[in-house]
Amino acid sequence: MVNAVAMPPIDARPYRLDDTRSLLTPSLVVYPDIVQSNLRQAINWAGGNPARLRPHAKTHKTIDVIQMELALGITKHKCATLFEADMLARAGAPDVLIAYPMVGPNIGLFVELVARYAGRTDFSVLVDHPAPVPMLADALREKNQTSRVMIDLDAGMGRTGVLPGPAVIELARQIVGHASLQWDGLHLYDGDVDSPSPEVRADRVSQEFALLCRLTSDLESVGLPVRRWVVAGTGTFAAWLHVGKDDARLEASPGTFVFSDWNYHQRFAELRMTPAAILWTRVVSLPRPGRLTCDLGHKAVAADPSKEQRVHFLDLEEQTLFKQNEEHLVVDTREADRFAPGDLLMAISYHICPTCALHRDMYIARNGTLVGRWQVAGRDRDWR
């Protein structure tokens, strides 16, 4: 098990750009060399075996990152929406888990997706309630398609999933009763485990691992073999890979690690994932002494963290986020008099996943130069 690590302050120099005259703000700038480093670090945590990873595409939502992952041998992927699933298939991903219950019209759309990429991408999906199972099975059967199905477990997050117990076995029996559904295994996401302490997270993972082992034994004792476990987010994936290193069924599915963000950089320092996406913003006003306003409103950066924790500015040693509106972010700082309207600031989002979804595309920078853009292809909802 790894020990707690104190992460040093981030060096802003690798993010500097030599020419920013054409850089529109607010903009998200991604540094692919850092993305590559984070991907390799995740593979290192997996013991050098990319088959143990199933990264979640919800963070970056780009074909470009998926292709970087594929080039490193990461062939299993996870997503939350049908559009992200279509994006993964277009990128060439051969194995995609949609980690979200299919209900209503999404059942039909999912079956269309399965048929569209038949023979190229193998899709699987989650269930956590018996009601949608026959609907999904019938829709697949009518199109002469099949799909792998996993049961989503609620191990404490309280968001989706079946509570561990007899209901899991009954749901698995229902799945195997349909020829168009292929019973595949168990899914457990523990995003509520966010302690900065690696030891606390490892202890929770050990308990969850024991739970999975018991459930798997119960299922297999009644003739329901469990092929795979898909587990973890960025905060717990390394602990899962450590605890379950000898179990070939285990696949870890971190997402945020690809770009990282300020929250995870501070909270999960031992993972040594470097922020790879920087928000560039310009000062638009200096309304009073000790205060500056920039063009980084909550239409450009995730607003789900508290007001005080939307971004961290790399250029400011002392900063207090006073107010944020749709197009403005007001910062109180003793350093305000160093800036003039039009000056640039670099900021790291506290929550990068929804931040990415607010941008149609991202600038790409290498060696201090803007070299192109990546489209945020998975930000929409309808893939048709």
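Residues numbered from 1 in each chain as written. Predicted model: local features only at pLDDT ≥ 70, side-chain atom pairs only at ≥ 80, totals over all residues. Heavy atoms only, no water.

Enquirer: Please set out the overall build of the protein chain residue by residue, giving values where relevant.
Expert: Within the protein chain, the regular secondary structure consists of 10 helices and 16 strands. What you see for the protein chain is a C-alpha radius of gyration of 22 Å, in line with the 21 Å of a compact globule of 384 residues. Overall, the protein chain is about 70 × 45 × 35 Å in size when its C-alpha atoms are taken along their principal axes. As presented, the protein chain carries roughly 16200 Å² of accessible surface, and 49% of it is formed by carbon and sulfur atoms. (Helix = DSSP H or I, 4+ residues; strand = E, 2+ residues; numbered from the N terminus. Rg over C-alpha atoms; globule rule 2.2 N^0.38 Å. Areas by Shrake-Rupley, 256 points an atom, 1.4 Å probe, with all protein chains shown as cover.)

Enquirer: Hey, could you go over the sheet that holds strand 2 (residues 76-79) for me, with residue numbers and the actual values?
Expert: Ordered in space as 2-3-4-5-6-7-8, the seven strands form an open sheet in which the pairing is parallel. Each having just a single partner strand, strand 2 and strand 8 (250-252) make up the two edges of the open sheet. Adjacent strand axes in the sheet meet at a mean angle of 30 degrees, parallel and antiparallel pairs treated alike. Judged from the four bridges that link them, strand 2 and strand 3 (residues 95-101) form a sheet pairing that is parallel. Paired with Lys76 across the strands is Asp95, a residue of strand 3. The strands touched by helix 4 (residues 105-116) are strand 3, strand 4 (122-127) and strand 5 (147-153); relative to strand 4, the strand with the most contacts, the crossing angle is about 160 degrees. Contacts between helix 6 (residues 166-176) and the sheet are confined to strand 4, strand 5 and strand 6 (181-188), with strand 5 contributing the most and set at about 170 degrees to the helix. (Pairing = 2+ DSSP bridges. Axes fitted to C-alpha atoms, helices over the stretch in contact; angles between N-to-C directions. Contact = heavy atoms within 4.5 Å.)

Enquirer: Describe helix 1 (residues 32-45), listing the residues and the values that go with them.
Expert: In a regular helix each residue adds 1.5 Å, so 14 residues correspond to 20 Å; helix 1 covers 20 Å between its end C-alpha atoms and thus fits that length. All of the buried residues in helix 1 are Pro32, Ile34, Val35, Asn38, Leu39, Gln41, Ala42 and Ile43. Against strand 1 (27-30), helix 2 (63-71), helix 8 (237-243), strand 15 (361-366) and strand 16 (369-375) lie the buried residues of helix 1. Just downstream of helix 1, Gly47 is the residue with a positive phi angle, here 70 degrees. (Expected span 1.5 Å × (residues − 1). Buried < 20%, exposed > 50% of the residue type's maximum accessible area, 1.4 Å probe, protein only.)

Enquirer: Report on the nonpolar core, specifying residues and quantitative values.
Expert: Of all hydrophobic cores here, the largest spans 123 residues; its most connected members are Phe110, Ile151, Leu186, Phe259 and Phe313. For this core, the element with the highest residue contribution is helix 7 (residues 198-221), accounting for seven residues. Grouped together as the second largest cluster of nonpolar side chains are five residues, Leu97, Ala99, Leu126 and Val230 included. (Core = buried A, V, L, I, M, F, W, Y, C linked by side-chain atoms within 4.5 Å.)

Enquirer: Before we move on, could you go through the side chain of His359 and cite the residues and values that matter?
Expert: Looking at the element boundaries, His359 is found in the loop between helix 10 (352-357) and strand 15. For His359, a relative accessible area of 8% translates into the label buried. Excluding its chain neighbours within four sequence positions, the residues that come into contact with His359 are Pro26, Ser27, Leu28, Leu279, Ala300, Val376 and Arg379.

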